[in-house]
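# Coordinate analysis (summary)
The chain contents come next:
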Amino acid sequence: MTAPRTLYDKIWDDHVVDQSLDGTCLLYIDRHLVHEVTSPQAFEGLRMTGRKVRCPEKTIAVPDHNVPTTAGRETRIDNEESRIQVEALDRNARDFGINYYPVSDIRQGIVHIIGPEQGWTLPGMTIVCGDSHTATHGAFGALAHGIGTSEVEHVLATQTLIQKKSRNMKVEITGSLRPGVTAKDITLSVIGATGTAGGTGHVIEYCGQAIRELSMEGRMTVCNMAIEGGARAGLIAPDEKTFEYVKGRPHAPKGAAWEAALAWWKTLYTDEGAHFDKVVTIRAEDIAPVVTWGTSPEDVLPITATVPDPASFAGGKAGAAQRSLDYMGLTPGQKLTDIKVDAVFIGSCTNGRIEDLRAAAAILKGRKLAPGVRGMVVPGSGLVRLQAEEEGLAQIFVDAGFEWRLAGCSMCLGMNPDQLAPGERCAATSNRNFEGRMGRGGRTHLMSPVMAAAAAITGHLTDVRELMGEMA
Amino acid sequence: MGDVFLFFGVFQHEGRRAHRIFGYLRVEERRILGRNPQPDPLIGLPWPHPHTEGDHWPDNNTVYIGWGATFAPAHEAFIAAPMPLVNIDTDMIIPKQFLKTIKRTGLGVNLFDEMRYTPDGQEIPDFVLNRPPYRQAQILVAGDNFGCGSSREHAPWALLDFGIRCVISTSFADIFYNNCFKNGILPVVLPPEAVDVLMKDAEKGANARITVDLAAQTVTASDGRVFAFEVDPFKKHCLLNGLDDIGLTLEKAAAIDTFETRAAQSRPWI
Ligand code: SF4
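Note that the structure is predicted; figures quoted are calculated from it, not measured. (Residues numbered from 1 in each chain as written. Chains lettered and ligands numbered in written order. Predicted model: local features only at pLDDT ≥ 70, side-chain atom pairs only at ≥ 80, totals over all residues. Heavy atoms only, no water.)

This part is about the sheet that holds strand E8 (residues 160-163) of chain A. Residues and elements named next belong to chain A. On the basis of which strands lie adjacent, the open sheet formed by three strands has the order E1-E2-E8 and antiparallel pairing. Both edges of this open sheet fall to strand E1 (16-19) and E8, since each of them pairs with a single strand only. For this sheet, the mean angle separating the axes of adjacent strands, direction not counted, is 20°. Across three bridges, E1 lies against strand E2 (residues 25-28) in antiparallel orientation. The residue of E2 that forms the bridge with Asp18 is Leu26. Strands E2 and E8 of the sheet are contacted by helix H5 (residues 149-158), whose axis makes an angle of about 130° with E8. (Pairing = 2+ DSSP bridges. Helix = DSSP H or I, 4+ residues; strand = E, 2+ residues; numbered from the N terminus. Axes fitted to C-alpha atoms, helices over the stretch in contact; angles between N-to-C directions. Contact = heavy atoms within 4.5 Å.)

Written out as structure tokens, the structure reads:
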């Protein structure tokens, strides 16, 4: 009998190629996702050393961070540096023979959205990408995490990564979510409770009834922000919902291979009695719709709260809180619902999937953006965009006064022309509220798609439950 | 272009030119200077390369520009810059508008760009790295959770390009911590009391230098107090010897082949 193992232990054990005496492992990588910003130096490194991509068939590339989200981008990207990066990826994908979804392809989109969408992401895999939000794929019970460019080059050349095992952490969400509360509120609330370094050195397994009850889209939202909690990766054990989602996707196994895969995937769960180094339990009933007020994702409060007083923070955090409030232009004691917004951004790898657009559209239907507020919806992939158009969601956004864009990362990091102006305040469904993240001087409040939709309608941060009451 | 192994490089040290032992340099660009070259502002060298002075040097004088790894500072005391802020994230270290490069070099001028310059590009005099002693800082002493945020290796590239060789904090974000080692930067984790002592040293600028010794795994404050730190033995070995871990892994190609054969049977759908 082997000792009980966690889900993380099992996936890890399945992928160890070689182990040194000090515990450093060579870990096999099943899927390597690549985008234009963190890869050019890695491909250049291969060229300089005359090395090849070991497994081009397991390597998938897509431009997403830099690409404009306006029409005509297939033929022309105005920003020269962005264009050079996208062209470099075109060339590298061609020269090294890897799977590629160029901007002209309907399947193009944010790397963490198209991986699952195309069936590249499967349970029990190891998945890496030169991007910290690779944790998203953990929703399928895959060990997925971000790596730096040197490691990108390492994986391209060897299909392995030099790794030391992280510790196991369990985050259990018991009970069921209340109406108006979403996966985004779960993940933000966990970070609010544990801090941005709470998961450092750990891989988090999310479990509990509320997690089971989430759709695959919701689970991706939860795992996506594991990194904001400091964890290397987030995981959710696969179940029938996972298999249902994966089945029939272009790169998912078919026929006999599907049956074999399914049998394997059903062994992917944490054994009874397995050891966790850290455990956090939160009652789903205690989670309210939340927003961030500061410039760190841990600056989370229920929408019913007021802006905190920096003096109430311990240690070095008081200074950071004061700096946050100065940057955000807020005063202690101010009600969160009194904070006016100038812009609303719906999209990103956290909340740019079809379910997110459906949820936001349900709130926006028959309503309009508040005067003076600009709104932008950026679907996570070309296929999400297409589906939203077919379902009539796009029309709801357009009727409400939103811009309906092409797929990409867009304002989430403002590398393309979609940016906030200095001092502009945005209700955003993305994952980072760092200073300058969405544009220099821009102010970001993170929240769920329904909360962003509510803010769009009223022009200030709003408890979406009030608008839901009106709908009922 | 390819790897060039150099044994010496020229550095400016305490206002003097000095040769230092180098690890390796991965060449991205080559400039043929010829005999008696003029100072080249593009390279950023304020003087002609010493090997090109006088007329007995050949026509094929060449400057190689690129990135590399050198031995971590040892037995030499360096100026440390204090940044007591907690959660310094990668967007602060190198804002996204500078991620559009396809090179590893040249990011030092944009290190901490939005904290260091006004929107019209003027230096903000109060910012620590703009103040005289800290322009030469080689160590950064920072608040908790340094380097959180994205996986961008541009963050260590920018630090290195500025001249930072070592960052000291109570904790680091995982990916940033890893990325440092790949680029010859030593991230040192110390308990809060030790970081407080070193932060005070750092605040005294050139008057209180800090010594970092990777081989001995110690940091020595200006008053002689020694703090030991932990570092993964493999990472230490690679950093001390400037090793290329891709080359090391490729030596294990047979083990990777075996793994792939086995996996092709047990998990053929991969
Ligand atoms: S949407 Fe934002 S967080 Fe996600 S991959 Fe793109 S830039 Fe990163």
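Further remarks concern the sheet that holds strand E7 (residues 143-146) of chain A. Residues and elements named next belong to chain A. Strand order in the open sheet formed by five strands is E5-E4-E3-E6-E7, with parallel pairing between adjacent strands. A single partner strand is all that each edge strand has here, and the edge strands are strand E5 (99-100) and E7. Bridge count for strand E3 (residues 31-34) against strand E6 (residues 126-129) is three bridges, and the pairing is parallel. Within the sheet, the bridge partner assigned to His32 lies in E6 and is Val128.

In this section: the interface of chain A and chain B. On the chain B side, the residues contacting the 77 residues of chain A number 59 residues. In total, about 5600 Å² of surface goes out of reach between chain A and chain B, with carbon and sulfur atoms giving 56% of it. The largest contributions to the chain A side of the interface with chain B come from Gln41, Met48 and Arg440 of chain A, which together make up 14% of the buried area. At the boundary of chain A with chain B, the tally comes to nine salt bridges. Across the pair Asp257 of chain B and Arg54 of chain A runs a salt bridge, and its minimum N-O distance is 2.7 Å. Summed over the shared surface of chain A and chain B, the number is 32 residue pairs in polar contact (both at pLDDT 80 or more). Counting residues per element, the side of chain A that touches chain B draws most heavily on H5 of chain A, at seven residues. When the residues that make up the side of chain A that touches chain B are grouped by side-chain class, the tally is 27 nonpolar, 30 polar and 20 charged. (Buried area = accessible area lost by both parts, 1.4 Å probe. Salt bridge = Lys/Arg side-chain N within 4 Å of Asp/Glu carboxyl O. Polar contact = N/O pair within 3.5 Å; in protein donor to acceptor, adjacent residues only side chain to side chain. Nonpolar A, V, L, I, M, F, W, Y, C, P; charged D, E, K, R; others polar.)

Quick look at helix H8 (residues 216-224) of chain A now. Across the nine residues that make up H8 of chain A, a large majority, nine, are buried. Those residues of H8 of chain A that fall on the buried side of the exposure criterion are Met216, Glu217, Gly218, Arg219, Met220, Thr221, Val222, Cys223 and Asn224 of chain A. (Buried < 20%, exposed > 50% of the residue type's maximum accessible area, 1.4 Å probe, protein only.)

Before going further, it helps to examine the environment of Asp223 of chain B. Residues and elements named next belong to chain B. Mapped onto the elements of the fold, Asp223 is located in the loop between strand E12 (218-220) and strand E13 (226-228). Between the C-alpha atoms of Asp223 and Gln265, which are 42 residues apart in sequence, the distance is 62 Å. A distance of 3.0 Å separates a polar atom in the side chain of Asp223 from the backbone nitrogen of Arg225.

Residues and elements named next belong to chain A. Among the structural elements, Cys426 can be located in strand E18 (residues 425-428). Residue class for Cys426 comes out buried when judged on its relative accessible area of 0%. Distance in space between the C-alpha atoms of Cys426 and Ile114 is 26 Å, their sequence separation being 312 residues. In this view, Cys426 contacts Ala343, Val344, Phe345, Met411, Leu420, Met438, Arg443, Thr444 and His445; residues no more than four positions away in its chain are not counted.

Take the site of the ligand next. In the region of the ligand, the neighbouring residues are His65, Ile110, His112, Asp131, His133, Ser348, Cys349, Cys409, Cys412, Leu413, Asn431 and Arg437 of chain A. Residue classes in the shell around the ligand are distributed as five nonpolar, five polar and two charged. (Near = heavy atom within 4 Å.)

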